[in-house]
Amino acid sequence: MSNQEEVQYSKSKLHGLWALTNRELKKWYQQPFVLAMGIIQPILWLALLGKAMNIGNIVMGIPGVDPKVVMMHTFGTADYFSFMAMSMVAFTVVFTTAFVGMSVVWDKRLGFMNKVLSTPVSRSVIILSKVLAASVRALFQAAIVMVVAFALGITTGSNFSAFSLFGVFAIVFLISVGLSSFFTALTLRATRMEMPQAIFQLITLPLMFASSAYFPIAQMPSWLQAIANVNPISYTIDAVRRLMVFSDGFGPLPLDFAYVGIFAVIVTAICVILSWRYLNK
Amino acid sequence: MSENEDIIKVEGLTKVFNHSLTAVDHISFSVKRGEIFGFLGPNGAGKTTTIKMLITITRPTEGKATILGGDITNQTMDVRGSIGVVPQEYTADEDLTGIENILLCADLYGIPRSVSKKRAEDLLNLVELTAFKEKRVQTYSGGMRRRLELACGLINRPKVLFLDEPTLGLDVQTRAATWNYVKMLKQQFGMTLFLTTHYLEEADALCDRIAIIDHGKIVVIGSPTELKDSLGGDIITLSIQKDEDITGLIGKIEHVKEVKKQNGSYIIKAANGELAAPLIIEAIRNNNHIVTKLSLTKPTLNEVYLQYTGKSMRDAEESREGVMQQRMAMRRARQ
């Protein structure tokens, strides 16, 4: 072993990215319990929340009022479940990516971060691996939601085709990258667990409610509309609904993709720049 | 490259946290090729901060340091690629197996899998973990984890290996085993080692040279023998049967440097205690006196530490409250 033969080490700026991403993913797919919880969670949400609130029934029995017409007029879908189920795709992305901050703080507390920092791995790779791993998990969770939504009976719109599924995964990937960069950036300096937990509790639900997830933006008070209209979650959900359950054409779909895509690029860039600064003390 | 080349050169290195807490205060030293260089000092003296600056994860406030000619502040990637680090904490991923952890380290250095697989097996063999390589690190004992860290730190065949408190929290046997690994590394690979410790025996047994660090400053540097000799040598204490002053007689004997009479015993400082003692006994006998008691003490690093810092290492360690306070201050400052 004492012979010091010269080995060509990788000089790629991205070396170590797959190794670090895979490390994150192994913690997930090698733990059957964590994996199972991730599958059960969207089933519970969809079955409980999606099926409990049958808003169409509110107008049932009123003479001259057809619940289906009301639903189509207000929500753009034949039933509330189809409307809600598609927002669950975004919901699961928010909840999956919000945990990325915890893993950053864990790595710092356990000293793993310091070890990685002492190796010739680019600082942005450390951050990108977190983002990538969270995005892969989010994609998987979104796929589960889609399967469950079909199993519990969504009514697809006239826009729906096999291509729609690719579109859904594409927008889910973009928003996952954006959100996991966002949550990572918020916890880059944190050294205590309370920080990501607090961010998680403070941000996740408002992020969902101030979007088109549960209710159409047009029916919101104007101040909330203003927030919902800049919330990238709204654009994600709009894209998913447009591809899957709406019937009024693809209209704003390019805008949805552009908005979420630009959000992802900008937030990831900010996160990488912050990592240069804050990962070097 | 010559034998005596300076592998690590440090000039005026300083770290001030939060503009107020000086953890490392203008230290300068150099480490030569193949040396085991030890930083000795109590908790909170600045050892870990120094190592963190040298391994490029903490930016110095002031001063300069180079490792293998690479500057630690602007040639960080070169420095990182040529050093190995065994941190104080157990940093291996608990959810991964031993082999997975080592291969992960290899990937971080950009070592191709075709090379790293063989190296990982060799290293696991070296640290005697081959039988456990497929087990998750969760199931490892403290000693096994330490060995795994050591293996990870060696995966890129570093020219300099940094060990931060390599035996902290280990039992006596594992500690001795770790020392053996460290010595073997030096012999087998001619590696240069930089380690920090607050165990005096450890510094004494392992290091070629020691820097004693206190309150962020280096108070003295030298080999353990030099440091101990600098105290003036061994101490021989003896008593004779008759109450008669023989100070003058003893003072003339070879190797003896200083004689004092204290409470009826003679306290003798000698450069070479085990040679001086028989000569002293013989001279006293030849003058018709009888030696009733004799003891010989070799100075330890604890005496050295006491001499240079004005306090005993054990006292410094025992003032826990002070250490805690300092740690809290450091933690706040680092955030």
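Since the model is a prediction, treat every value here as computed from it, not as a measurement.

A. Broad picture of the overall build of chain A. Tallying secondary structure elements over chain A gives twelve helices and zero strands in all. In sequence order, the secondary structure elements of chain A are arranged as α-α-α-α-α-α-α-α-α-α-α-α. Principal axes of the C-alpha set define a box for chain A whose edges measure 90 × 35 × 35 Å. Residues classed as buried in chain A amount to 44% of the 281 residues present.

B. Representation of the environment of B:Tyr199 within the structure. Mapped onto the elements, B:Tyr199 comes out in the loop between strand 8 (192-197) and helix 7 (200-206). Remark: the alpha-carbon pair of B:Tyr199 and B:Leu40, spanning 159 residues in sequence, is separated by 7.6 Å.

C. Main features of the domain arrangement of chain B. With domains assigned, chain B is organised as domain 1 (6-227 + 305-334) and domain 2 (232-297). The distance between the C-alpha centroids of domain 1 of chain B and domain 2 of chain B comes to 44 Å.

D. Fine view of unusual backbone geometry. Residue and element names in this part refer to chain B. We note that Asn18 has phi near 60°; this positive angle belongs to a residue other than glycine. By secondary structure assignment, the location of Asn18 is in the loop between strand 1 (6-17) and strand 2 (21-32). Among the residues examined, Asn18 registers 11 C-beta atoms within 10 Å and is labelled exposed. Here Asn288, not a glycine, exhibits a phi torsion of approximately 60°, which is positive. Tracing the sequence through the fold places Asn288 in the loop between helix 10 (273-286) and strand 14 (291-297).

E. Representation of the interface of chain B and chain A. Listed per partner, the contact involves 28 residues of chain B and 27 residues of chain A. When contributions to the side of chain B that touches chain A are tallied by element, the ones reaching two or more residues are helix 2 (76-82), helix 3 (98-108), helix 4 (113-126) and helix 6 (172-189) of chain B. Looking at the side of chain B that touches chain A residue by residue, the classes come out as twelve nonpolar, seven polar and nine charged.

F. Representation of the sheet that holds strand 4 (residues 62-67) of chain B. All names here are of chain B. Reading across from one edge, 2-1-4-5 is the order of the four strands in this open sheet, with antiparallel pairing throughout. The sheet is open, and its two borders are formed by strand 2 and strand 5 (70-71), each paired with just one other strand. Across two bridges, strand 4 lies against strand 5 in antiparallel orientation. Looking at the pairing, Ile67 lines up with Gly70 of strand 5.

G. Geometry of the sheet that holds strand 14 of chain B. Residues and elements named next belong to chain B. In space, the four strands of this open sheet follow the order 12-13-11-14, with antiparallel pairing throughout. Every interior strand has two partners, whereas the edge strands, strand 12 (256-262) and strand 14, have only one. Geometrically, the sheet is characterised by an average inter-axis angle of 20° between neighbouring strands, direction not taken into account. Relative to strand 13 (residues 265-270), strand 12 is paired through six bridges, and the arrangement is antiparallel. Opposite Val259, over in strand 13, you have Ile268 as the bridge partner.

H. Highlighting helix 4 (residues 80-97) of chain A. Residue and element names in this part refer to chain A. In this model, helix 4 (18 residues) spans 26 Å end to end at C-alpha, consistent with the 26 Å of a helix rising 1.5 Å per residue. Maximal helix bending in helix 4 amounts to about 25°, located at Val89. The buried count for helix 4 comes to 18 of 18 residues, which makes it a mostly enclosed element.

I. Geometry of the packing of helix 7 (residues 123-151) of chain A against helix 12 (residues 253-278) of chain A. All names here are of chain A. Running from N to C, helix 7 and helix 12 cross one another at 135°; their axes reach a closest spacing of 8 Å. With respect to helix 12, the element helix 7 is oriented oblique. Relative to helix 12, the crossing made by helix 7 is right-handed. Residues Arg123, Ser124, Ile126, Ile127 and Val131 of helix 7 lie in contact with helix 12, whose contacting residues are Thr268, Cys271, Val272, Ser275 and Trp276. Of the residues in the contact of helix 7 with helix 12, the class split is six nonpolar, three polar and one charged.

J. Structural context of the environment of A:Arg123. All names here are of chain A. Note on placement: Arg123 falls in helix 7. Considered as a pair, Arg123 and Ser275 are 152 residues apart in the sequence and their alpha carbons are 6.3 Å apart. Look past the residues within four positions of Arg123 in its chain and what remains in contact with it is Ser275, Trp276 and Leu279.

Conventions used here
- Residues numbered from 1 in each chain as written.
- Chains lettered and ligands numbered in written order.
- Predicted model: local features only at pLDDT ≥ 70, side-chain atom pairs only at ≥ 80, totals over all residues.
- Helix = DSSP H or I, 4+ residues; strand = E, 2+ residues; numbered from the N terminus.
- Buried ≥ 20, exposed ≤ 12 C-beta atoms within 10 Å, placed from the backbone.
- Domains from an automatic or database assignment.
- Contact = placed C-beta atoms within 7 Å.
- Nonpolar A, V, L, I, M, F, W, Y, C, P; charged D, E, K, R; others polar.
- Pairing = 2+ DSSP bridges.
- Axes fitted to C-alpha atoms, helices over the stretch in contact; angles between N-to-C directions.
- Expected span 1.5 Å × (residues − 1).
- Bend = angle between axes of the 7 residues up to and from the residue.
- Parallel < 35°, antiparallel > 145°, perpendicular 65-115°, else oblique.
- Left-handed = near helix turned anticlockwise from the far one by under 90°.

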